[in-house]
Amino acid sequence: MCDYTQVEFRCGHVRYTVRAWCTNYETTHKRCPPSVVAIEFRLDERCSNCRTPGLPSWMPLPTKNRMIQT
């Protein structure tokens, strides 16, 4: 069985992340029933569905429009 971590967020949603794939998955690429081996609490952040969308870090912050004087 594949080992999973259960992640609980401030918004109340729960996600499961893989800690380690089992040898059966590595050969067949078919998922087996999950085995939760750890629980992680992220009470200081919301899940990706509830997070407010923000600008990506590579995008420059918007500045005031400045008209070009000629």
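Now for a description of the structure that goes with this document. (Residues numbered from 1 in each chain as written. Predicted model: local features only at pLDDT ≥ 70, side-chain atom pairs only at ≥ 80, totals over all residues. Heavy atoms only, no water.)

1. Section: the pairing of strand S2 (residues 14-20)
Basically, it comes down to this: Each pair of strands is called paired provided DSSP finds at least two bridges between the two strands. Think of it this way: any DSSP run of H or I at least four residues long counts as a helix, any run of E at least two long counts as a strand, and we number them from the N terminus.
Here strand S1 (residues 3-9) runs beside S2; their pairing, made up of 6 bridges, is antiparallel. Within S2, the residue paired with Glu8 across the bridge is Val14. Taken together, S1 and the strand that follows it, S2, pair antiparallel across an intervening segment of 4 residues, in which Gly12 is found at a positive phi of about 100 degrees.

2. Quick word on the side chain of Thr5
To be explicit about the condition: Note on classification: 1.4 Å probe, protein chains only; a residue is buried when its accessible area is under 20% of the maximum for its type, exposed when over 50%, partly exposed between these limits.
Looking at where Thr5 falls in the secondary structure, it is placed in strand S1. Classification of Thr5 by relative accessible area gives buried; the value is 7%.

3. As for the nonpolar core
Stated precisely, the cut-off is as follows: Here the nonpolar core consists of buried residues drawn from Ala, Val, Leu, Ile, Met, Phe, Trp, Tyr and Cys, with membership extended through side-chain atoms lying within 4.5 Å. In this description, contact between two residues means that some pair of their heavy atoms is separated by no more than 4.5 Å.
Residues Cys2, Tyr4, Cys22, Tyr25 and Cys32 constitute the largest nonpolar core, which totals 5 residues. Dropping the residues within four chain positions of it, Tyr4 is found in contact with Tyr16, Thr17, Val18, Arg19, Trp21, Arg31, Pro34, Ser35, Val36, Val37 and Ala38.

4. What to know about the pattern of salt bridges
Note the threshold: Salt bridges are defined by distance alone: a side-chain nitrogen of Lys or Arg within 4 Å of a carboxyl oxygen of Asp or Glu.
Overall, the coordinates contain 1 salt bridge when judged by the stated rule. Linking Arg42 and Glu40 is a salt bridge whose minimum nitrogen-to-oxygen distance equals 2.7 Å. Using a relative accessible area of 28% as the deciding quantity, one classes Arg42 as partly exposed.

5. Overview of the state of the cysteines
The line we're drawing: Count a disulfide wherever a pair of cysteine sulfur atoms falls within 2.5 Å.
Summed over all chains, the structure comprises 0 disulfides. Among the cysteines around Cys2, which has no disulfide bond, Cys32 carries the closest sulfur, lying 3.5 Å off. For Cys2, a relative accessible area of 0% translates into the label buried. Not engaged in a disulfide, the cysteine Cys50 finds its nearest cysteine sulfur in Cys47; these two sulfurs lie 3.8 Å apart.

6. A short note on a nonpolar patch on the surface
For the record, the criterion: Only residues whose relative accessible area exceeds 30% and that form no salt bridge enter a patch; like-charged residues are grouped when within 9 Å of one another, and nonpolar side chains (Val, Leu, Ile, Met, Phe, Trp, Tyr) when within 5 Å. Surface exposure here means Shrake-Rupley accessible area, sampled with a 1.4 Å probe, where a residue is shielded only by the protein chains that are shown.
A contiguous nonpolar patch, built from Val14, Tyr16, Val36, Ile39, Phe41 and Leu43 and spanning about 590 Å² of accessible area, is present on the exposed surface. Of all the secondary-structure elements, those providing two or more residues to the nonpolar patch are S2 and strand S3 (35-42). Considering every element that reaches the nonpolar patch, the biggest residue donor is S3, with 3 residues. With respect to the helices and strands, Phe41 occurs in strand S3. On the basis of relative accessible area, Phe41 is assigned to the exposed category, the value being 53%.

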